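In case you want the letters, here they are:
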Amino acid sequence: MATVTLEQFNPANFEPIPLPDHLPTYELPRVSISKLMGKDEAETKTVVDICARTGFFLLNLMDHPLGRNLWESACKLRNLGQHIMATLPEEDKKLFLQREERGVLDRGYTSSARDGQGVAKFVESINIPRDELFAKPTPGWELPSWLKPHEDLFKNIQTEAHKVELVILAALEQQLELKPGTFTDTHQLEAPTHSFLRVLRYPPTGDGNGMRERPRVFAHRDVVSISMLFTWVSGLQIPRDDAVYLNSDTPTEDSWLWVRPEAGHMIVNLGDTMPIFTNGALKSGLHRVVTAHGDQANLDRVSVLFTGRPNWGVPMAPLVSSKIPAQSAEEAARPADSCKVWGDNVIKGYYKDNVKWNKAEVSV
Ligand SMILES: O=C(O)CCC(=O)C(=O)O
Ligand SMILES: [Fe+2]
């Protein structure tokens with residue numbers, strides 16, 4: 001596919017903006033969705049090998065109709081989310097409330113701008129809960145009036161993304177020599193999971209206010225099993241393979257590399273459940289978002305993120321397989337939290353320790 005110039009970037013155009021060649025980039029390995037669907041041994045092995053190192057790869061969606069549909073849906077959603085967030089008054093957006101149990105980030109509008117400060121935003125997002133559309137654990141819950149007309153679109157898109165999630169999970173099962181269903185039966189579309197669809201908008205920064213120099217989303221790992229990200233403008237960064245770490249979550253500034261957005265591909269990363277299920281054999285991918293490079297900072301950067309999380313009742317403990325390091329008898333005897341309890345605690349810890357959005361002064 002041909003690339004576009006900055007001037008050609010418009011709502012009807014879904015070619016990502018190219019990154020200048022001189023920027024230090026992480027060339028993510030590419031995997032084919034059609035080969036994964038065909039359970040191709042070499043391709044599934046590639047996925048597990050990558051996930052044992054960085055947890056990040058590019059999934060080429062264009063060689064199968066399921067993938068092509070998902071790419072088109074993600075493009076539509078990018079425009080819809082961009083339009084809504086750029087035009088709807090802040091008071092209306094804020095009426096899309098997060099869950100009562102604050103800290104669970106699967107539902108509601110979030111913004112990094114503080115009320116009354118007149119400070120430009122680092123990032124805002126609308127989080128559309130998969131649970132409320134399918135499992136409906138909150139009787140009577142509805143999308144806000146400005147999202148409700150698009151409910152079918154959100155459902156269809158999440159159904160497509162869930163199919164791709166299952167393809168990736170099946171590849172992991174295959175290579176980890178787990179019984180088929182070990183992951184695919186525990187990441188259901190219609191079970192409560194706190195999975196979500198998120199559209200993020202990073203508005204232009206303007207000059208001279210110090211915003212360009214600060215990460216928009218601080219270094220973090222996702223509290224999910226699988227993240228599937230669509231992005232068209234630079235900003236996402238991951239650490240180089242030989243990164244120098246100040247601590248396990250903090251690489252030195254020059255350890256970060258840019259990730260190049262690619263048309264027809266999604267960026268897949270594993271989240272925090274996978275190191276638990278595999279006793280450290282698979283990694284959760286560390287990443288952050290900075291202001292887009294150069295003139296790209298004058299654009300609205302919009303990303304579309306699908307996440308897959310385990311059903312609430314799943315015990316957060318290592319699985320047994322010859323490919324997964326065994327626990328000691330003492331470790332195995334410890335009671336495991338359910339996925340719901342585990343996830344809620346991790347997210348609360350993020351708030352408490354001032355990580356992720358909080359460092360960018362989120363008000364929710
Ligand atoms: O916007 C992006 O590119 C990534 C967002 C992200 O990492 C997140 O929402 O967890
Ligand atoms: Fe993330």
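Residues numbered from 1 in each chain as written. Chains lettered and ligands numbered in written order. Predicted model: local features only at pLDDT ≥ 70, side-chain atom pairs only at ≥ 80, totals over all residues. Heavy atoms only, no water.

Within an unreviewed UniProt entry, the label attached to the protein reads Fe2OG dioxygenase domain-containing protein, and the organism entered is Talaromyces rugulosus. In UniProt, the protein has this text filed under Sequence similarities (unreviewed entry): "Belongs to the iron/ascorbate-dependent oxidoreductase family." (UniProt positions renumbered as here; feature names shortened; annotations may be inferred.)

## Comments concerning the coordination of the iron ion (ligand 2)
Binding of the iron ion (ligand 2) to the protein goes through His220 (NE2), Asp222 (OD) and His287 (NE2), at separations of 2.1 to 2.2 Å. In primary sequence terms, the donor set of the iron ion (ligand 2) follows H-x1-D-x64-H. Taken together, the residues His220 in strand E7 (residues 217–220) and His287 in strand E14 (residues 287–289) connect sequence positions 67 residues apart. Overall, His220 belongs to the buried group, its relative accessible area being 5%. For His287, a relative accessible area of 7% corresponds to the buried category. (Donors = N, O, S within 2.8 Å, 3.2 Å for Na, K, Ca; no water. Helix = DSSP H or I, 4+ residues; strand = E, 2+ residues; numbered from the N terminus. Buried < 20%, exposed > 50% of the residue type's maximum accessible area, 1.4 Å probe, protein only.)

## Observations concerning the nonpolar core
Generally speaking, a soluble globular protein has its nonpolar side chains buried in company with each other. Leu59, Leu172 and Phe230 are the most contacted members of the largest nonpolar core, which has 71 residues in total. Ignoring anything within four residues of it in the chain, the contact list for Leu59 reads Val31, Ser32, Ile33, Leu36, Val164, Ile168, Gly264, His265, Met266 and Val268. Counting 19 residues, the second-largest nonpolar core is a separate cluster that includes Tyr202, Met211, Val217 and Leu305. (Core = buried A, V, L, I, M, F, W, Y, C linked by side-chain atoms within 4.5 Å. Contact = heavy atoms within 4.5 Å.)

## Brief notes about the site of ligand 1
Ligand 1 sits among 13 residues. The nearest are Arg198, Tyr202, His287, Arg301 and Ser303. For ligand 1, an oxygen atom lies 2.8 Å from a polar atom in the side chain of Ser303. Against a free-state accessible area of 300 Å², the protein chains account for coverage of 98% of ligand 1. For the shell around ligand 1, the secondary-structure elements that each account for two or more residues are strand E6 (196–202), E14 and strand E15 (301–308). The residue makeup of the shell around ligand 1, split by class, is six nonpolar, three polar and four charged. (Near = heavy atom within 4 Å. Polar contact = N/O pair within 3.5 Å; in protein donor to acceptor, adjacent residues only side chain to side chain. Areas by Shrake-Rupley, 256 points an atom, 1.4 Å probe, with all protein chains shown as cover. Nonpolar A, V, L, I, M, F, W, Y, C, P; charged D, E, K, R; others polar.)

## Description of helix H6 (residues 151–175)
The end-to-end C-alpha distance of H6 is 36 Å, a good match for the 36 Å that 25 residues give at a rise of 1.5 Å each. Glu177 lies just past H6 and shows a positive phi near 55°. (Expected span 1.5 Å × (residues − 1).)

## Points about the environment of Asn247
You can see Asn247 is positioned in strand E10 (residues 245–247). On the accessibility criterion, Asn247 (43% relative accessible area) is partly exposed. Through-space distance from the C-alpha of Asn247 to that of Ile84 is 39 Å; in sequence the pair is 163 residues apart. For Asn247, the side chain forms a polar contact with the main-chain nitrogen of Asp249, separated by 2.9 Å. At 2.9 Å, the side chain of Asn247 forms a polar contact with the side chain of Thr250.

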